[in-house]
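Chain and residue survey
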Amino acid sequence: MRVQPRRYLVLAICCMSLLIISLDVTIVNVALPAMADDLDAPVSGLQWIIDAYLLVLASLLVLAGSTGDRIGRRRVFQAGLALFTIGSLLCSLATSLEALIAFRTIQAVGGSMLNPVAMSIITNTFTEPRERARAIGVWGAVTGFSMALGPLAGGVLVHSFGWQSIFWINVPVGIVGFLLAWRFIPESRAEHPRRLDPVGQLLVFTLLAALTFGIIEGPSEGWSSPVILGCFALAAAALAALLWWEPRREEPLIELRFFRSAPFSGATLVAICAFASLGGFLFLNTLYLQDVRGLSALHAGLYTLPMAVMTIVASPLSGRLVGTRGTRLPLRIAGTAMALGVLPMILAGPTTPAWQLFAGYLLFGLGFGMVNTPITNTAVSGMPRARAGVAAAIASTSRQVGSALGVAVIGAVVASGSTPADPAGWWILAALGAAVLAIGHVTTGAWARTTTTRADLDRVPA
């Protein structure tokens with residue numbers, strides 16, 4: 001079988017990896033109250049169950065993308081599937097909060113090898129711009145499908161077998177994905193892969209870890225405590241060192257030259273804001289539905305189906321709009337819908353009518369379904385194909401950083417004495433939706449296009 005006729009099979013296998021990663025996040029959110037009861041976990045413990053995974057994932061994505069370019073994308077992809085599957089199995093066996101968090105980091109190491117490498121495989125398989133935009137639209141639709149399946153599957157599993165069972169579903173999917181990748185995905189690598197940058201990697205991890213720790217532990221330690229102030233100072237120092245170190249590397253971990261492009265920088269900021277909004281929304285909504293309204297995990301999952309279904313509908317539509325109209329229109333729709341979708345939640349209480357919640361879920365799902373394809377398409381469009389893995393990894397890193405910060409900030413609001421029904425956290429999420437609209441508008445116009453050319457990007461060292 002030649003590569004060309006089987007390109008959609010390659011797309012399906014890559015989407016399978018995205019499915020188990022996205023599914024893992026939505027399932028874990030539904031199971032948080034059950035984990036809190038069984039493991040006696042405080043709000044900060046629940047945040048770490050999610051953010052330990054997201055933090056490691058975000059820190060290693062760029063390294064994984066460049067490693068795939070160097071030693072072979074299929075090889076790294078299969079290694080990621082194997083580690084993620086093993087980590088999932090270990091999570092199901094965890095008997096303490098500390099063990100669960102540790103096993104989540106193993107999952108994250110495997111997950112970091114999947115998304116950027118899979119996107120690089122897709123980019124090198126679908127080379128025609130319009131066809132690639134549609135393939136990325138399908139990729140984005142998988143996120144919506146996981147949102148639909150995750151809460152429902154998580155609710156059923158938690159209700160029937162306990163929270164440990166939510167990790168079981170990753171095991172058979174991971175094994176099947178590993179075998180299909182070995183059989184059908186051709187090996188590929190960059191002609192001139194970049195060298196490793198261990199200093200840059202350490203600085204990225206230090207920046208994200210210090211910032212996340214400071215936000216999560218701030219409510220319990222005190223925002224003015226030496227520990228928290230030290231964390232924020234360490235994060236600032238790591239950022240300054242990273243900005244100083246990377247331009248001096250011939251082949252840096254993060255190619256800062258990409259950010260001279262306003263569309264690329266805009267896509268990065270949009271990804272952070274959109275996924276911070278999603279991460280915070282899922283975290284806060286889960287606590288609201290189960291702790292404030294008293295719903296079971298199963299019923300909480302059913303409540304969120306409208307949001308997930310709308311994401312499934314909107315993602316392919318976003319791909320078509322990007323292919324025919326560019327990225328500005330879908331980003332405008334995304335920011336507007338995400339901001340408006342949070343407004344019904346600001347007014348929600350213990351007895352709020354279900355239709356009001358569903359209206360918010362539908363709008364938020366529409367917005368999130370629209371945002372994924374413009375982010376990814378902007379990140380990889382115009383980049384040399386040899387740099388597809390790095391560009392896709394930066395986009396994926398932005399998503400995970402946003403999700404981690406969203407959970408950290410919203411969780412900190414709850415831990416500071418607010419409740420999931422209070423409007424403070426929801427107002428933050430509405431502001432993030434407005435930021436998606438504003439940034440998307442500014443960075444997709446005529447001026448933004450003048451900041452980047454294919455020639456400039458081709459001068460990035462290979």
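Criteria and cut-off values
- Residues numbered from 1 in each chain as written.
- Predicted model: local features only at pLDDT ≥ 70, side-chain atom pairs only at ≥ 80, totals over all residues.
- Heavy atoms only, no water.
- Helix = DSSP H or I, 4+ residues; strand = E, 2+ residues; numbered from the N terminus.
- Buried < 20%, exposed > 50% of the residue type's maximum accessible area, 1.4 Å probe, protein only.
- Contact = heavy atoms within 4.5 Å.
- Bend = angle between axes of the 7 residues up to and from the residue.
- Disulfide = S-S within 2.5 Å.
- Salt bridge = Lys/Arg side-chain N within 4 Å of Asp/Glu carboxyl O.
- Phe/Tyr/Trp six-rings, centres within 6.5 Å; stacked < 30°, edge-to-face > 60°.
- Axes fitted to C-alpha atoms, helices over the stretch in contact; angles between N-to-C directions.
- Parallel < 35°, antiparallel > 145°, perpendicular 65-115°, else oblique.
- Left-handed = near helix turned anticlockwise from the far one by under 90°.
- Nonpolar A, V, L, I, M, F, W, Y, C, P; charged D, E, K, R; others polar.
- pLDDT = per-residue confidence, 0-100.
- Core = buried A, V, L, I, M, F, W, Y, C linked by side-chain atoms within 4.5 Å.

Within the protein, the regular secondary structure consists of 18 helices and zero strands. In the protein, which comprises 462 residues, the share counted as buried stands at 59%.

The next subject is the side chain of D24. Its place among the elements puts D24 in helix α1 (residues 7-39). Look past the residues within four positions of D24 in its chain and what remains in contact with it is Y53, F84, R104, Q107, F167 and N170.

What follows deals with helix α8 (residues 198-221). Maximal helix bending in α8 amounts to about 35 degrees, located at I215; proline P219 follows within four positions. Two residues or fewer after α8 comes G222, characterised by a positive phi angle close to 100 degrees.

Disulfide: a covalent bond connecting the sulfur atoms of a pair of cysteines. Using the criterion set out here, one finds zero disulfides in the structure. The structure places no disulfide on C15, whose sulfur is separated from the nearest cysteine sulfur, that of C14, by 7.0 Å.

As a further point, take the pattern of salt bridges. The full count for this structure, using the stated rule, is two salt bridges. The salt bridge partner of D197 is R249, with a shortest N-O separation of 3.6 Å. A residue pair is termed long-range when its members are at least 10 positions apart, and D197 in the loop between α7 (170-184) and α8 and R249 in the loop between α9 (226-245) and α10 (262-292) qualify at 52 residues. The exposure class assigned to D197 is buried, which follows from its relative accessible area of 4%.

Here we come to the packing of aromatic side chains. Throughout the structure, instances matching the rule amount to eleven aromatic pairs. Measuring from centroid to centroid gives 6.5 Å for W163 and F167, while their planes differ by 90 degrees, and the two rings are edge-to-face. Across the pair, exposure class does not vary: W163 and F167 are buried alike. Where F281 meets F364, the ring centres are 4.3 Å apart and the plane angle is 20 degrees; that geometry is what we call stacked.

By the element assignment, T378 lies in helix α14 (residues 354-380). Judged by relative accessible area, which is 16%, T378 ranks as buried. C-alpha of T378 to C-alpha of A395: the two residues are 17 residues apart in sequence and 9.1 Å apart in space. Excluding anything up to four places from it in sequence, T378 contacts P263, F264, A267 and T327.

Turning our attention to the packing of helix α3 (residues 73-92) against α7. Where α3 meets α7, the axes come as close as 9 Å, and the angle between the chain directions of the two elements is 165 degrees. In terms of orientation, α3 lies roughly antiparallel with respect to α7. Seen along the crossing, α3 lies across α7 with a hand that is left-handed. In contact with R74, F77, Q78, L81, F84, T85, S88 and L89 of α3, α7 contributes N170, V171, G174, I175, G177, F178, A181 and W182. Per-class residue counts for the contact of α3 with α7 are nine nonpolar, six polar and one charged.

Overall, the prediction assigns the protein a mean pLDDT of 83, with 89% of residues at 70 or greater. By mean pLDDT, helix α18 (residues 454-458) is the weakest element of the protein at 46, and α9 is the strongest at 93. Of the regions scoring below 50 in pLDDT, residues 458-462 engages in 13 contacts with residues more than four places distant in sequence or in other chains.

Core analysis: the biggest nonpolar cluster contains 83 residues, and M35, I49, F77, L100 and I166 have the highest contact counts within it. Setting aside residues up to four positions removed in sequence, I49 forms contacts with V28, L32, M35, L97, L100, I101 and R104. Counting residues in each nonpolar core, the second largest holds 41 residues, with A314, Y361, V371 and A395 among its members.

As a further point, take the environment of A79. Along the chain, A79 turns up in helix α3. Note on A79: relative accessible area 34%, which makes it partly exposed. Along the primary structure A79 and G110 are separated by 31 residues, whereas in three dimensions their C-alpha atoms are 7.1 Å apart.

Another aspect to go through is the packing of helix α2 (residues 43-71) against helix α4 (residues 97-112). Between two packed helices, the angle of one axis relative to the other and the distance separating the axes together describe the packing. Closest axis-to-axis distance for the α2/α4 pair is 8 Å, and the angle between their directions is 25 degrees. For the element pair α2 / α4, the angle class is roughly parallel. For the pair α2 and α4, the sense of crossing is right-handed. Contacts from G45, W48, I49, I50, A52, Y53, V56, L57, L60, L61 and A64 in α2 reach L97, L100, I101, R104, T105, Q107, A108, V109, G111 and S112 in α4. Residue composition of the contact of α2 with α4, grouped by class: 15 nonpolar, five polar and one charged.

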